[in-house]
Amino acid sequence: MSDATTVDYDGMIPNNVGLNADPRLRRALERWHPGYLDWWRDRGPEGFQENLVYLRTAVSVEPEGWAKFGFVRMPEYRWGILLAPAVEDRKIGFGTHKGEPAWQEVPGEYRAMLRRLIVVQGDTEPASVEQQRHLGATAPSLYDLRNLFQVNVEEARHLWAMVYLLQKYFGRDGREEAEELLSRRSGDRDSPRLLGAFNEATPDWLSFFMFTFFTDRDGKMQLHALSQSGFDPLSRTCRFMLTEEAHHMFVGQSGVGRIIERTCAAMREAGIDDPTDIERVRALGVVDLPTMQKKANLHFSLTLDLFGSEISTNAANAFNASLKGRYLEDQIDDDHQLLNATYPVLRLKDGRAMKEGVPALSALNMRLRDDYIADASSAIERWWNRIIARAGFDFRISLPHVAFNRRIGEFSAIHADPDGNMLRTEEWQRRRDAFLPTIEDNFFIESLMRQVTERGAFASWIAPPRAGIDGMPGNFEYVKLAG
Ligand SMILES: [Fe+2]
Ligand SMILES: [Fe+2]
């Protein structure tokens, strides 16, 4: 057994899982590696593969100093397999097996369910890299270009993390699943990624920042729920992934925040008091706030679908099996089995949204979604609305109602406006353009997307960040484009 805090950085695959002592696993991963690199070259970032990028690489799993920064070419990035340190005598915290020692091997009766959870999580990781692959060509600065690539290499490392679990614990089916993770393609008609939001395009940088704010935040919730798992290797893997995930959400919240900041400053300079005076604002070469709201409406509603149906036996089964817990399960004060508990769920009753108490076990998706909404809305207040308020404009970005623009669950059957009022189909069609980005909106956003590569320079529509990455100065060359 390896000492969990020491990372073996010498071999081809940096790891703290004792790969050297497990030749079978090592061979399996080494066989998977070339296909992975092909995937990265084919479906990873377009261009820039030969450029030196200032990236952080995980070199330890200690909370302090877990990463080191340096220039690397992306295909030479050290994607490793890193588990958070084992908690001694860890006990399962919820479900039927609450109180039993955490499992170090896959419990036979739950094998299929566990594999599915890992595959679904694993599928999202390469999917987002594929979705973002064209963005380098329109990066608003070298700083942002570097952040994009950092997110990309880390999502790809998350793929490694899930593939490790599949290869180590699931034998032949695990190897097959690992291959399929490389063969599905985001947005592909015949072989799409498993979840809807991961088949949508990420055509521009506003979409990218909204995606990392809203959709990576779903990733954070899912990782939290899985980090409670009774299957200890999954728990430890997810705990370490969460340290990287924080940066992805930082990229999203600060990215949108910087766009808002730039818009507000441009409106001030031009003497525009009304943020809804869209034409005048756009003429300044910045994104108007109502369009930002529409983008938030879109990305939020797409992301809510990732939480699945309001009432779900799959979620109940995974909890009962002690495989997937709730957000911060270990900090909740209840019996952690939920045998007699109920949970209020917003349901569609007689054409209206109404709260209904349902068995808490079947409402676990909802609970996770509610925790997500609380997390997202407080981040919006802190990161976005504060900037608008400081600039003195009467405008707030807000989250639409959960019934708005849904394709999965209770509200997929109806239309609702962002306040949750039900709309007849013709009214929805008439007013849709006021709620969601239109072709013209997207066309305008696209018109702003021009690559900026001078050191320390930023596109017209986005403010510089407060601070550089790793304490670097404003004119730092985060990506070396010449050679
Ligand atoms: Fe991830
Ligand atoms: Fe992420």
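Structural notes, computed from the coordinates.

Thresholds, definitions, all that
- Residues numbered from 1 in each chain as written.
- Chains lettered and ligands numbered in written order.
- Predicted model: local features only at pLDDT ≥ 70, side-chain atom pairs only at ≥ 80, totals over all residues.
- Heavy atoms only, no water.
- 1 Å grid on protein atoms, 1.4 Å probe; cavity = no way out; pocket = protein on both sides within 12 Å on 5 of 7 lines; lining within 4 Å.
- Points joined across faces, edges and corners; volume = space filled by probe spheres on them.
- Nonpolar A, V, L, I, M, F, W, Y, C, P; charged D, E, K, R; others polar.
- Helix = DSSP H or I, 4+ residues; strand = E, 2+ residues; numbered from the N terminus.
- Buried < 20%, exposed > 50% of the residue type's maximum accessible area, 1.4 Å probe, protein only.
- Contact = heavy atoms within 4.5 Å.
- Pairing = 2+ DSSP bridges.
- Axes fitted to C-alpha atoms, helices over the stretch in contact; angles between N-to-C directions.
- Donors = N, O, S within 2.8 Å, 3.2 Å for Na, K, Ca; no water.
- Parallel < 35°, antiparallel > 145°, perpendicular 65-115°, else oblique.
- Phe/Tyr/Trp six-rings, centres within 6.5 Å; stacked < 30°, edge-to-face > 60°.
- Core = buried A, V, L, I, M, F, W, Y, C linked by side-chain atoms within 4.5 Å.

## Quick look at empty space enclosed by the protein
This structure, assessed with the given rule, holds two cavities of 30 Å³ or more. Put simply, the largest cavity is a space of about 60 Å³. Asp-8, Gly-11, Met-12, Ile-13, Asn-15, Leu-19, Asn-20, Arg-26 and Glu-30 are the residues that line the largest cavity. Classifying every residue of the lining of the largest cavity gives three nonpolar, three polar and three charged. Ser-141, Leu-142, Tyr-143, Arg-455, Gly-456, Ala-457, Phe-458, Gly-474, Phe-476 and Tyr-478 together form the lining of the second largest cavity. Among the residues making up the lining of the second largest cavity, the classes are represented as six nonpolar, three polar and one charged.

## A closer look at the layout of surface pockets
The volume enclosed by the largest pocket comes to roughly 930 Å³. Elements represented by at least two residues in the lining of the largest pocket include exactly helix 2 (111-131), helix 5 (205-227), helix 9 (313-320) and helix 10 (364-390). By residue number, the principal contributor to the lining of the largest pocket is helix 5, which donates nine residues.

## Here's the deal with the side chain of Asn-297
Counting through the fold element by element, Asn-297 comes out in helix 8 (residues 289-304). On the accessibility criterion, Asn-297 (3% relative accessible area) is buried. If we ignore the near neighbours within four places in the chain, the residues touching Asn-297 are Ser-398, Pro-400, Phe-404, Pro-418, Phe-435 and Leu-436.

## Focus: the sheet that holds strand 2 (residues 67-73)
With antiparallel pairing, the three strands of this open sheet are ordered in space as 2-1-7. The two strands at the open ends of the sheet, each matched to only one other strand, are strand 2 and strand 7 (479-480). Pairing between strand 1 (residues 52-58) and strand 7: two bridges, direction antiparallel. Following the sheet pairing, Val-53 is matched in strand 7 by Val-479. Where helix 3 (residues 142-169) meets the sheet, it contacts strand 1, strand 2 and strand 7, and its direction lies at approximately 40 degrees from that of strand 1.

## Some remarks on the coordination of the iron ion (ligand 2)
Protein ligation of the iron ion (ligand 2) involves Glu-155 (OE), Asp-216 (OD), Glu-245 (OE) and His-248 (ND1), the donor distances falling in the range 1.8 to 2.2 Å. Spacing between the donor residues of the iron ion (ligand 2) along their common chain follows E-x60-D-x28-E-x2-H. A spacing of 3.5 Å is found between the iron ion (ligand 2) and the iron ion (ligand 1), which share Glu-155 as a donor. Placement of Asp-216 in helix 5 and of His-248 in helix 6 (residues 232-270) is noted, with a sequence separation of 32 residues between them. His-248 matches Asp-216 in its accessibility class, with the two residues each being buried.

## Comments concerning the pairing of strand 1
Burial within strand 1 is extensive, with six of its seven residues counted as buried. Pairing analysis gives seven bridges linking strand 1 to strand 2, with the strands arranged antiparallel. Of the residues in strand 2, the one forming a bridge with Arg-56 is Phe-69.

## A short note on the coordination of the iron ion (ligand 1)
The expected angle between donors at a tetrahedral four-coordinate metal is 109.5 degrees. At an octahedral six-coordinate metal it is 90 or 180 degrees. Those donors, Glu-125 (OE), Glu-155 (OE) and His-158 (ND1), are the protein atoms that reach the iron ion (ligand 1), and they lie 2.0 to 2.2 Å from it. Positions of the donor residues of the iron ion (ligand 1) along the chain correspond to the pattern E-x29-E-x2-H.

## Description of unusual backbone geometry
If you check the backbone angles, Asp-89 has positive phi at about 55 degrees while not being a glycine. The topology assignment puts Asp-89 in the loop between strand 2 and helix 2. Overall, Asp-89 belongs to the exposed group, its relative accessible area being 61%.

## Some words on the packing of helix 3 against helix 4 (residues 171-183)
Viewed as axis vectors pointing N to C, helix 3 and helix 4 meet at an angle of 155 degrees, and their least axial separation amounts to 6 Å. With respect to their mutual orientation, helix 3 and helix 4 come out roughly antiparallel. The segment helix 3 lies against helix 4, with Leu-159, Val-163, Leu-166, Gln-167 and Tyr-169 engaging Gly-171, Gly-174, Arg-175, Glu-177, Ala-178, Leu-181 and Leu-182. The class makeup of the residues in the contact of helix 3 with helix 4 is seven nonpolar, three polar and two charged.

## With respect to the packing of aromatic side chains
In total, this model carries 34 aromatic pairs according to the counting rule given. Seen from their ring centres, Tyr-36 and Trp-79 are 5.0 Å apart, and the 80 degrees between their planes marks the pair as edge-to-face. Of the two residues, Tyr-36 is situated in helix 1 (residues 23-43) and Trp-79 in the loop between strand 2 and helix 2; the sequence distance between them amounts to 43 residues. Judged by relative accessible area, which is 0%, Tyr-36 ranks as buried. Between Tyr-164 and Tyr-169, the ring centres sit 6.4 Å apart and the planes meet at 80 degrees, which makes this aromatic pair edge-to-face.

## Details of the nonpolar core
Generally speaking, soluble globular proteins have nonpolar side chains that are buried together. If you look at the biggest cluster of nonpolar residues, it comprises 119 residues, and the most contacted ones within it are Tyr-36 and Ile-260. Top element by residues in this core is helix 3. It accounts for 17 residues. Contacts of Ile-260, omitting those with residues within four sequence positions, involve Leu-289, Met-292, Trp-384, Ile-387, Ile-388 and Ile-397. By size, the runner-up hydrophobic cluster in this structure holds 13 residues, among which are Ala-316, Val-358, Ala-360 and Leu-364.

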